[in-house]
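# Notes for the structure review
For reference, the chains in residue letters:
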Amino acid sequence: MPKGIPIYIIMLMCGIILCLNQPSIAATDNVEPTNLFTLDIESLMHVKVSVASKRDENIYDAPGVVSVMTDTDIERFGANSLSDVIARFPNVYKWGSEVFRNNTTSIRGQTLTHVDNTVLLLLNGRPMRESFGGGLNLAIYESFPVEAIKRIEMIRGPGSVLYGSNAFSGVINIITKSPADGGENYQVSSSYGSFNTQAYQVAMTKQIGEVGTVFSLSSRNEDGWNFAFTDAAGNHGEEKHGNDTHGVFIQSKYKGLTLTGFVGYSRYDELDTGMTLPASQRLHQRHFVDAQYEHQLSERWGTTLNLTFNNWESQNSEDATDGLFEISFNGQLTDDIELVTGASIDHHNSTVTDASTSRLSTSYYLQGEYRVLNWLTLVGGLQLNKPDDIDLDLSPRLGTIIRFNENWRAKLLYGEAFRSPYSLETSISVPGILVGSSDLEAETISTFDAQLLYNNHDYSSALTFYQSKQKDTIVRSGARPATFINGGEVNYWGIEWEGRIQLGSHWDIQGSLTYQAGEDEADNEDVGLVPHYMAKIGVSYNSGKGYQIGVFNSYFSDAAQIEDISNAAVVNSTADAYNWLTFKASLNLRDFTGNSTLPDIDFDLYGENLLNEDVHFPELIRKQINTVPLHGGRAVYFTVKLKF
C-alpha cells in the first residue's frame, strides 16, 4: 500500500465530513458520560467545561476552541498512558527526542523544541509547570494513572489571560474523578503484553462522612522495543529501549477544602545530547501538591485560594521547586455579566549545571463575558505578568460568540500569550556544547480563531480557521557551543474540522481532519517539523450486552525532512507518512453472562500500531542525522480488571 490515506479512512471520513466534532462528549453536571448518546438537544446543549473561564459553562459558549475526551472515550478506545489519549485530539502530534522521549505535545505545529514549554498542563485547573525547562513533562504523560481521569479538556490556542506562561499554543486540563461521580467503588487491574510489558493499577473512591477521597496508583515496566539506529558517529546498533514508570494520584475533599497530590516516576532508556549509542537510563520525577479552599461569599460571588507546589528532579542533581499562591473571585456582576478576576505570586527555584537560580513572578487577571442579547455574547480579558528581570507582559483576550439558534453557534476569538525563558535557557553552562543567555526576553504569540459549530441529538460539528504570529522566538543558535537567543517571527495558519455521529444506540463515530503550516522569516515552511495533514477517526460498537469494540486510526502525513534545511546525513529511515491504528475489545463477565452472582470482571484486549508501521521523526537537537525512531512496532496487551 502506498504511503497516504487508506481508502477505508477516506470512505469513513466522507461519511462524517458534515458532522465532525469532539466537544459534544463532555461530562455534564447531572448526566453520566455513558448516557451522553441518548441525550436530547436540550440536555446536550448543557454540556459543561471549565478550562476556558475557570468555571463550568456551556462548551459551545466557552471563549475558546475547546475539545473534550471523557473516561467513556478512554474505555471505548483504550490507552496505556495519558499520552495515548492526548494523541487522539484534533491537530495534536505527540513526539519526543531521544533525549526527552515521549515528552512533547505539539498543538497546531507550534513547537520548536523537544522541551514541552508551549503547552500548559493543568490538574483540576492547577498549573503543573516546572521552572527548569518549562516543559519536562515525560513523567506526567507516562505515569499519570489513566483510571483517575474523568475527562480531559483542551484549548487549542492561547490561554495566558487566565493561566500565564506556557499557555501558548494550548492548555490541557486533566479533570479527575470524585466520589460524587459514582459513590464508593474499588478497582484493581493487571496487564501483560508485548515487549514483556507488565502493568498494574489500583483505583478507589470512598466517602466517609463529609470527607471524600479518590486514590489511584499505576505501575508499568517493559523491557523495551527494538531501537535500530545509526548515530552521529556513523555507528549502527540495535538495542532495547525500555521504561519503568510509576504514578500515584490522591485527592481528598472536606467541605470547601480540597487537597490534591501526584507523584510521577519514569526511568527511560535514552541517548545523550551527542546522539551516540549506547543509550543509558535516565530518571524523571514529578511531584505536585495543591491545597485549595473555596468559599461562597454571596449568592452571586465565590472566592478560591490555592497554594500549589511543583517539583521536577533528575538523576543529575538538576531540579526545580516552585510555589504558586493564587486568589481568584468568580461570579456575576449583573444577570448578564460574569467575571473572573484574581492575582498570583509564583516563586521559582532551580539548579542547572550546579548553579542555583531563583525568580519571582506576579500576575493579575480579569476576564468578563457580557451577554448583550440572547444571541450575542462579548468576551474581554487581560492579564498583567511581571517576572523578575523581564519586561511587563500584557496578554489580552477578545471574543464574540453568536447563537444563531439552538443548533448553530459561531465564535470569533483573538488572544495573546507569552512564555518566559526558563533556567535551562538562561543559566545552563555545558562547555563546548550549550550555553544559556541571561538577557532573553519572553516569546509571545497572537492568535485569531474563527469557529462555526453545529450540534443536534445525533451529531455535532466544528470547523475552525486560525492564524497565529509568534515573536521573539527562543531558539538555539550557532554551532558547538550553541547558545539561546531571541529569534525572529513565525507565522502559523490552519484549518481544523472535528466531529461525532451517534448511529442508533450502539455505534459511535468520531474524528477530525486538520491542516497546519508555519513559515519563518527565512521562508522555511516546516518550522514545527510535525506533519501538515492529520486525519483521525474512531469507530466503536457497544452491544449493551457486556462487550464493546473500538478501533481508532490516526493518519499523519510526512514530517519535515531535516536534511533539506541542514547538512544532516541521511543514515536512518525517513520521516514518512504513517497510520497509527489501535484496537480495543472489552468483555464484562457479569453483563455478558447475565449472571449477577459472578464477580464484576472485565477482560480487555488492546493493540497498537497494528499495521506495524516504521515511525521516525526528524532529529532536531544536533541536526547532524536525519531521523530517530519514534515508536516500536506492533504491540498487543491483555488486561484483567476486577471491580467491587
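Everything discussed here concerns the structure shown above.
The structure displayed is predicted, hence computed values, not measured ones.

### Considering the overall build of the protein chain
For the protein chain, the helix and strand inventory stands at 9 helices and 37 strands. Relative to the compact-globule value of 26 Å for 644 residues, the protein chain shows a C-alpha radius of gyration of 23 Å, a close match. Across its three principal directions, the C-alpha atoms of the protein chain cover 60 × 55 × 50 Å. Counting every position in the protein chain, which comprises 644 residues, the buried fraction comes to 58%. At a minimum sequence separation of 6, the contacts of the protein chain that also span at least 24 residues come to 63%. Looking at charge distribution, the protein chain has the averaged site of its 46 positive side-chain charges lying 4 Å from that of its 78 negative ones.

### A word on the environment of asparagine 407
By the secondary structure assignment, asparagine 407 is in the loop between strand E21 (393-403) and strand E22 (408-419). Within the local environment of asparagine 407, its side chain forms a polar contact with the backbone oxygen of asparagine 455, the two atoms lying 2.9 Å apart.

### Examining the environment of histidine 114
Tracing the chain through its elements places histidine 114 in the loop between strand E5 (104-107) and strand E6 (119-123). Taking C-alpha positions, histidine 114 is 46 Å from serine 298, a pair spaced 184 residues apart along the chain. With sequence-adjacent residues up to four places away left out, histidine 114 is seen in contact with Trp95, Ser97, Val99, Phe100, Asn103, Thr104, Arg476, Leu620 and Ile621. Polar side-chain contacts of histidine 114 include one of 2.7 Å to the side chain of serine 97.

### Topic: the side chain of threonine 205
Secondary-structure assignment places threonine 205 in strand E11 (residues 197-208). Its relative accessible area of 7% is what places threonine 205 among the buried residues. Side-chain polar atoms of threonine 205 contact the side chain of asparagine 185, separated by 2.9 Å.

### Details of empty space enclosed by the protein
Under the defined criterion, the tally for this structure stands at 8 cavities of 30 Å³ or more. As for the largest cavity, its lining consists of 33 residues, of which Asp84, Asn102, Trp580, Glu608 and His631 are closest to the centre. For the lining of the largest cavity, a count of residues per class yields 15 nonpolar, 10 polar and 8 charged.

### Some thoughts on a nonpolar patch on the surface
A surface patch of nonpolar side chains, about 830 Å² in accessible area, is lined by Leu257, Leu259, Val289, Tyr293, Leu305, Leu307, Phe309, Phe325, Ile345 and Leu360. For the nonpolar patch, the elements supplying multiple residues, two or more each, are strand E14 (257-270), strand E15 (280-296) and strand E16 (301-314). The element that contributes the greatest number of residues to the nonpolar patch is E16, accounting for 3 residues.

### Things to note about the sheet that holds strand E7 (residues 126-127)
Read from one edge of the open sheet, 5 strands run E3-E8-E9-E6-E7, paired in mixed fashion. Single-partner strands in this sheet number two, and they are strand E3 (66-70) and E7. As paired strands, E6 and E7 are joined by 2 bridges and run antiparallel to one another. Within E7, the residue paired with leucine 123 across the bridge is arginine 126.

### Side note on the pattern of salt bridges
In the structure shown here, the tally under the stated rule is 27 salt bridges. In this structure, the salt-bridge partner of aspartate 290 is arginine 126, at a minimum N-O distance of 3.5 Å. Remark: arginine 126 occurs in strand E7 and aspartate 290 occurs in strand E15; sequence separation between them is 164 residues. For the pair aspartate 290 and arginine 126, one class covers both residues: buried. The partner of lysine 584 in a salt bridge is aspartate 604, with the nearest N and O atoms 4.0 Å apart. Linking lysine 584 in strand E33 (residues 578-588) with aspartate 604 in strand E34 (residues 600-608), this pair joins segments that are 20 residues apart in sequence.

### Notes on the side chain of arginine 151
By the secondary structure assignment, arginine 151 is in strand E8 (residues 149-156). Within the structure, arginine 151 has its side chain in polar contact with the side chain of glutamate 153 (distance 2.8 Å).

### Digging into the pairing of strand E28 (residues 482-486)
For a regular strand, side-chain orientation follows a simple rule: the groups alternate between the two sheet faces. Of the strand pairs in this sheet, strand E24 (residues 434-435) and E28 are connected by 2 bridges, and their pairing is parallel. Residue pairing in the sheet places valine 435 in a bridge with threonine 483 of E28. Here strand E27 (residues 474-477) pairs with E28 via 4 bridges, running antiparallel. Residue isoleucine 474 lies in a different strand from E28, and its bridge partner there is asparagine 486. Count of turn residues in the E27/E28 antiparallel hairpin: 4 residues, of which glycine 478 carries a positive phi of about 85 degrees.

Rules behind the numbers
- Residues numbered from 1 in each chain as written.
- Predicted model: local features only at pLDDT ≥ 70, side-chain atom pairs only at ≥ 80, totals over all residues.
- Heavy atoms only, no water.
- Helix = DSSP H or I, 4+ residues; strand = E, 2+ residues; numbered from the N terminus.
- Rg over C-alpha atoms; globule rule 2.2 N^0.38 Å.
- Buried < 20%, exposed > 50% of the residue type's maximum accessible area, 1.4 Å probe, protein only.
- Contact = heavy atoms within 4.5 Å.
- Lys, Arg positive; Asp, Glu negative; His and termini not counted.
- Charge placed at Lys NZ, Arg CZ, Asp CG, Glu CD.
- Polar contact = N/O pair within 3.5 Å; in protein donor to acceptor, adjacent residues only side chain to side chain.
- 1 Å grid on protein atoms, 1.4 Å probe; cavity = no way out; pocket = protein on both sides within 12 Å on 5 of 7 lines; lining within 4 Å.
- Points joined across faces, edges and corners; volume = space filled by probe spheres on them.
- Nonpolar A, V, L, I, M, F, W, Y, C, P; charged D, E, K, R; others polar.
- Patch = residues over 30% accessible without salt bridge, like charges linked within 9 Å, V, L, I, M, F, W, Y side chains within 5 Å.
- Areas by Shrake-Rupley, 256 points an atom, 1.4 Å probe, with all protein chains shown as cover.
- Salt bridge = Lys/Arg side-chain N within 4 Å of Asp/Glu carboxyl O.
- Pairing = 2+ DSSP bridges.

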